[in-house]
Amino acid sequence: MRLLVCGGAGFIGSTFARQRLLEHGDEVTVLDKLTYAGREENFHDFAERPGFSFQRGAIEDPDAVAGAIAAAEPDAIVNFAAETHVDRSIAEPDAFVRTHALGTYVLLEAARTLKGTGEHGLRYLQVSTDEVYGSIEQGTFTEESPLRPSSPYSATKTGADLLVQSYFHTYGLPAVICRGSNNFGPYQYPEKLIPLMILNALHGDRLPVYGDGMQVRNWIHAGDFARAIGHVLAHGVPGEVYNAGGPDECPNIEVVKRIIELTGAEESLIEYVTDRPGHDRRYSLSSEKVRALGWSPQVRFAEGLEETVAWYRENAWWWEPIRSGDYREYYQRQYGLGLS
Ligand SMILES: NC(=O)c1ccc[n+]([C@@H]2O[C@H](COP(=O)([O-])OP(=O)(O)OC[C@H]3O[C@@H](n4cnc5c(N)ncnc54)[C@H](O)[C@@H]3O)[C@@H](O)[C@H]2O)c1
């Protein structure tokens, strides 16, 4: 298959690109704007492989999208491109609106035009999130649950999902949506909970925990989510939504304590800080529909976390340039704490 992977220089997009290229023999073209979170370092082990190419450009730029499509001649477009940090969406929502609303629209228009001319019938897959459903105290969200996003991040992701569905209903674009729960694993930018805590613990820096730390998340390994996306692309029914949740739930404070154990850090490094405004208490996804297509998650949280800690320990080349760059200012602004 020939794939155009938008946002493929980020954490999950690069995991998906690696999997499709190395395990499935697909041809992969990545289109990515390279925001602070997008990095060519994420291609280090497959950049030179035949069948891989990279185009730098924004999904909201019709010329960049047309150029990438001409180069890739894709059978499918998979859209990971997004601003993904909820805290940043609270401080500066504009890039979220531009990328999620305008960017998704530009991609859908390009896909709609191609649909009429492509030999094999182009598929479109939108990568989405459990955050579109909002918070749930008990039970799990299914694909039929109401959409109740609570941050500018999740609201703009929801808008993009609705636009994708409208292109299926209005123009017959064979589009599917795959909504993942909280991802973790190698190559995740250190502003997110797990890599932030791992790197701070390894450096003996404070471990900032929002509120009481009892926010519960349903953790999925990025390799499992990438496989779910490939599975939905191959077997999903056009117009449908598929949730892909991880096998384990865990409150944030418990995640932090496990990281302390795995790194040998001191528990006294934990510092409770003012909670994020509108912080959702619990996310939980039912994945019955995608399981019925034959996918199931392979990595349990405990073993995946241990491997992830080991990866960050062994790959300082990857995170050192981030931790010594603009990230330091972001971190100081966000938590009022310094990094060593
Ligand atoms: N990380 C999670 O826990 C999680 C969970 C469920 C769903 N998702 C979704 O998965 C996707 C990928 O998330 P991630 O964690 O890998 O994010 P990430 O922040 O690591 O990567 C996002 C990538 O998109 C690129 N990008 C941003 N704006 C762009 C634009 N306008 N044009 C082109 N490229 C652009 C960035 O440069 C970066 O490479 C997102 O759509 C996100 O909503 C993430």
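The preceding data block contains the structure.
Because the structure is predicted, anything quoted here is derived from the model rather than measured.

Trainee: What's the story with the environment of Val 164 in this structure? I'm lost.
Mentor: In this fold, Val 164 is placed in helix α5 (residues 152-171). Contacts of Val 164, omitting those with residues within four sequence positions, involve Thr 104, Leu 108, Tyr 124, Gln 126, Ala 175 and Ile 177.

Trainee: Could you clarify how one ought to interpret the pairing of strand β6 (residues 175-180) in this entry?
Mentor: Side chains on a regular strand alternate between the two faces of the sheet. Among the six residues in β6, six count as buried, and that is most of the element. What you see with β6 is no split at all: Ala 175, Ile 177 and Arg 179 on one side and Val 176, Cys 178 and Gly 180 on the other are buried throughout. Sheet topology places strand β5 (residues 123-129) next to β6; six bridges connect them, and they run parallel. Directly across from Ser 128, in β6, lies its bridge partner Arg 179. This β-α-β element, β5 to α5 to β6, shows right-handed connectivity. Inspection of the sheet shows β6 paired to strand β10 (residues 241-244) by four bridges, in the parallel sense. Paired with Ile 177 across the strands is Val 241, a residue of β10.

Trainee: What is the right way to look at the packing of aromatic side chains in this model?
Mentor: Aromatic ring pairs: the centre-centre distance and the angle between the two ring planes describe each pair. Under the counting rule described, the total for this entry stands at 22 aromatic pairs. Each ring, one from Tyr 189 and one from Tyr 327, has its centre 5.9 Å from the other, and the planes form 85°; the classification is edge-to-face. Remark: Tyr 327 occurs in helix α12 (residues 327-335) and Tyr 189 occurs in the loop between β7 (182-184) and α6 (193-203); sequence separation between them is 138 residues. Taking the relative accessible area as the measure of exposure, Tyr 189 reaches 10% and is therefore buried. In this structure an aromatic cluster arises from ring pairing among Tyr 36, Tyr 189, Tyr 210, Tyr 327, Tyr 330, Tyr 331 and Tyr 335. Here Arg 39 stacks its cationic end above the ring of Trp 318, 4.8 Å away from the centre of that ring. Sitting over the ring of Tyr 330, Arg 88 keeps its end group 4.2 Å from the ring centre.

Conventions and cut-offs
Residues numbered from 1 in each chain as written. Predicted model: local features only at pLDDT ≥ 70, side-chain atom pairs only at ≥ 80, totals over all residues. Heavy atoms only, no water. Helix = DSSP H or I, 4+ residues; strand = E, 2+ residues; numbered from the N terminus. Contact = heavy atoms within 4.5 Å. Buried < 20%, exposed > 50% of the residue type's maximum accessible area, 1.4 Å probe, protein only. Pairing = 2+ DSSP bridges. Right-handed = clockwise from strand over helix to strand, strands pointing away. Phe/Tyr/Trp six-rings, centres within 6.5 Å; stacked < 30°, edge-to-face > 60°. Lys NZ or Arg CZ within 6 Å of the ring centre and 35° of its normal.

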